[in-house]
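Structure at a glance
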Amino acid sequence: MPVETKRGILSKLSGRISKYGSSSVHIPTDEEKEGFLKAQRLAYECVTEIEKEMREGWTEIHTAKRMDTFLRDHGVKVFLHRPFAWFGEHARFDGYKRYTQFHPGKKRLLPDEPFILDVSPVVDGYIGDIGYSSCLRPNSELDAGMKYLLKLREEIPKYFSSSMSSREIWWKIDREAKENGFDNVHSLYPFAVLGHRVYKVHFPKISFPILPISFASWFSLQGSIEFLSHKVLPELLTPDHEGDKTGLWAIEPHFGRGKVGFKFEEILVVEKDRAYWLDEEVPHVLRAKKLQGVR
């Protein structure tokens, strides 16, 4: 069965089940927000520090291993998923036919092609799942894409605090991106997810081998079991999601234009009548302020 067909079936199944709720549907406490903030900041520290080391000729696999080492050196033993690195056209997933193609590969980095780094460490039981886009040299296509993403970032909390359903939000973001000349790359993800819930992991901090199956083979065993234990389908923001929006979401809009792919991923807090980003000091926001000369 083609990946596109599988993705559509999985999204519809997820949407139907999502309306039955999840243990993650609740207003987060201050303690939870502090825990997730700590995890998210470590994840961003990882990708920005590894970015400083990256050189032309590095492979995706080597880069992912360097991120893994950085996080383990900082005490991380559990991941929702292992680090991902996508270079150049791989950041668009063009031509991907199997879920295993999402894994870091042997592609070597060119100095003028953008890349995406994505890590998901668990820190003191809290998931910090982030995505980060950059390039070794200034790149106008990447700058244009991130400019659009930052405008979208301003709108997303408004969407989630409105009466719009999560399904309507997915399709609104999809439609507006295409109207602005961008391709929707997150529609190519497993389940076509725009994001997923994050939650506190209640597993012993023991490292298990990665799973040797399908797209899950880059997910740690404990991360995969934990995700399943949370009734995985209601946790995913798919184009068919019908469930409650309340809770903590790792939102990851991912677009492409030409040969370039770009995304951000960070935690959104959704309460009954408002929604807001967990942190305003994330690298893509700080970088934009610096470019604009804002102190």
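Criteria and thresholds
Residues numbered from 1 in each chain as written. Predicted model: local features only at pLDDT ≥ 70, side-chain atom pairs only at ≥ 80, totals over all residues. Heavy atoms only, no water. Helix = DSSP H or I, 4+ residues; strand = E, 2+ residues; numbered from the N terminus. Buried < 20%, exposed > 50% of the residue type's maximum accessible area, 1.4 Å probe, protein only. Areas by Shrake-Rupley, 256 points an atom, 1.4 Å probe, with all protein chains shown as cover. Polar contact = N/O pair within 3.5 Å; in protein donor to acceptor, adjacent residues only side chain to side chain. Contact = heavy atoms within 4.5 Å. Pairing = 2+ DSSP bridges. Axes fitted to C-alpha atoms, helices over the stretch in contact; angles between N-to-C directions. Parallel < 35°, antiparallel > 145°, perpendicular 65-115°, else oblique. Left-handed = near helix turned anticlockwise from the far one by under 90°. Nonpolar A, V, L, I, M, F, W, Y, C, P; charged D, E, K, R; others polar.

Here we look at the overall build of the chain
For the chain, the count of helices and strands is seven helices and 12 strands. Expressed as a percentage of the 295 residues in the chain, the buried residues total 59%. Total accessible area on the chain is roughly 13,300 Å²; 55% of this is exposed by carbon and sulfur atoms.

Some points on the side chain of H186
You can see H186 is positioned in the loop between β5 (183–184) and β6 (195–197). Only 3.1 Å separates the side chain of H186 from the backbone nitrogen of H254, close enough to count as a polar contact. Setting aside its immediate chain neighbours within four residues, H186 contacts W170, I173, A192, V193, L194, E252, P253, H254 and F255.

Some remarks on the sheet that holds strand β9 (residues 254–257)
Strand pairs in the sheet, formed through backbone hydrogen bonds, run parallel or antiparallel to each other. Read from one edge to the other, the open sheet built from three strands follows the order β5-β9-β10, with strand pairing classed as antiparallel. The sheet terminates laterally at β5 and β10 (260–263), the two strands that pair on one side only. Sheet topology note: the β5/β9 ladder contains two bridges and is antiparallel. Directly across from D183, in β9, lies its bridge partner G256. In the packing of helix α4 (residues 140–161) onto the sheet, contacts are made with β9 and β10, and the angle to β10 comes to roughly 30 degrees.

Focus on the sheet that holds strand β12 (residues 275–277)
Read across the open sheet, the five strands follow the order β7-β6-β8-β11-β12; overall the sheet is antiparallel. Looking at strand neighbours, the two that pair on one side only are β7 (236–237) and β12, the edges of this open sheet. As paired elements, strand β8 (residues 247–251) and strand β11 (residues 266–270) share five bridges and run antiparallel to each other. Across the sheet, residue L248 finds its bridge partner in β11, namely V269. Lying over the sheet, α4 contacts β7, β8, β11 and β12, oriented at roughly 150 degrees with respect to β12.

Focus on the packing of α4 against helix α5 (residues 166–179)
Their axes nearest at 11 Å, the elements α4 and α5 cross at an angle of 155 degrees. The angle between the axes of α4 and α5 places the two elements in the roughly antiparallel class. Considering only the axes of α4 and α5, their crossing is right-handed. Contact with α4, carried on its side by Y148, L152, I156, Y159 and F160, involves I169, K172, I173, E176 and A177 of α5 and no other residues of that element. When grouped by side-chain class, the residues that make up the contact of α4 with α5 number eight nonpolar, no polar and two charged.

A few points about the pairing of β10
It is a general feature of regular strands that their side chains alternate between the two faces of the sheet. Both faces of β10 are covered, namely the face carrying V260 and F262 and the face carrying G261 and K263. Counting the residues between successive antiparallel strands, the hairpin from β9 to β10 contains two residues, one of them, G258, with a positive phi of roughly 65 degrees.

Looking at the packing of helix α2 (residues 30–53) against helix α3 (residues 60–73)
Closest axis-to-axis distance for the α2/α3 pair is 10 Å, and the angle between their directions is 130 degrees. Compared by their axis directions, α2 and α3 come out oblique. Note on packing geometry: the crossing formed by α2 with α3 is right-handed. Residue-level contacts link L42, E45, C46, V47, E49, I50 and E53 of α2 to T63, R66, M67, F70 and L71 of α3.

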